[in-house]
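# Overview (structure and organization)
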Amino acid sequence: MMCSKWFDEGCIAGSAVDGPLSKLETSSATATKILTMPIERGALNIKAEGWRVSGNGDMVVRVLGWYRSGKFPNDWKVQLGRPFINYVQDLSFTYYKCPNCNTVI
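Residues numbered from 1 in each chain as written. Predicted model: local features only at pLDDT ≥ 70, side-chain atom pairs only at ≥ 80, totals over all residues. Heavy atoms only, no water.

To continue, consider the packing of aromatic side chains. Under the criterion given, the structure shown has two aromatic pairs. Between Trp66 and Phe72, the ring centres sit 5.9 Å apart and the planes meet at 55°, which makes this aromatic pair tilted. Here Phe72 and Trp76 contribute two aromatic rings whose centre-to-centre distance is 5.6 Å and whose plane-to-plane angle is 75°, an arrangement assigned as edge-to-face. Residue class for Phe72 comes out partly exposed when judged on its relative accessible area of 26%. Pairwise contacts between aromatic rings join Trp66, Phe72 and Trp76 into one cluster. (Phe/Tyr/Trp six-rings, centres within 6.5 Å; stacked < 30°, edge-to-face > 60°. Buried < 20%, exposed > 50% of the residue type's maximum accessible area, 1.4 Å probe, protein only.)

Next up on the list: the nonpolar core. Among the nonpolar cores identified, the biggest contains 17 residues, and Ile34, Met37, Val63, Trp76, Leu80 and Phe84 are the most heavily contacted of them. Of all the secondary structure elements, the ones that give two or more residues to this core are helix 1 (29-36), helix 3 (57-69), helix 4 (76-80) and helix 5 (82-90). Not counting residues within four places of it along the chain, the set of residues in contact with Met37 comprises Asn56, Val60, Phe84, Tyr87, Val88, Phe93 and Tyr95. (Core = buried A, V, L, I, M, F, W, Y, C linked by side-chain atoms within 4.5 Å. Helix = DSSP H or I, 4+ residues; strand = E, 2+ residues; numbered from the N terminus. Contact = heavy atoms within 4.5 Å.)

Evaluated as defined, the whole model comprises one salt bridge. Here Arg62 makes a salt bridge to Asp58, at a shortest N to O gap of 3.2 Å. With a gap of four residues between them, Arg62 and Asp58 both fall in helix 3, about one helical turn apart. Asp58 sits in the partly exposed class, given a relative accessible area of 48%. (Salt bridge = Lys/Arg side-chain N within 4 Å of Asp/Glu carboxyl O.)

Quick look at the packing of helix 1 against helix 3 now. Two elements in contact, helix 1 and helix 3, have axes whose closest approach is 9 Å; the angle formed by their N-to-C orientations is 115°. Both helix 1 and helix 3 take part in a crossing whose hand is left-handed. Between helix 1 and helix 3, the contacting residues are Ala31, Ile34 and Leu35 on the first element and Met59, Val60, Val63, Leu64 and Tyr67 on the second. Residue composition of the contact of helix 1 with helix 3, by class: eight nonpolar, no polar and no charged. (Axes fitted to C-alpha atoms, helices over the stretch in contact; angles between N-to-C directions. Left-handed = near helix turned anticlockwise from the far one by under 90°. Nonpolar A, V, L, I, M, F, W, Y, C, P; charged D, E, K, R; others polar.)

Structure, rendered in structure tokens:
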């Protein structure tokens with residue numbers, strides 16, 4: 001179980017780790033990246049796509065559901081939308097260890 005503490009990125013910068021400890025993997029590098037990406041809350045930038053306003057949680061949960069069911073729809077990238085797929089492919093994420101419980105966040 002992960003702790004529910006929230007930290008400012010600047011305050012935990014010294015605890016960066018190479019990547020998530022998640023063992024979730026798929027045959028798609030993009031899907032695997034989505035499964036291990038941190039949940040980002042809304043207003044990710046000025047653009048008006050719905051997911052940018054509300055955050056990426058819905059997208060991550062959708063991909064997790066497909067992963068758990070063992071079935072990705074053939075058009076899964078279309079369902080998530082090209083803007084989101086491009087966003088994921090262009091990003092690199094920094095992961096940190098929680099200073100309270102050592103969970104990778």
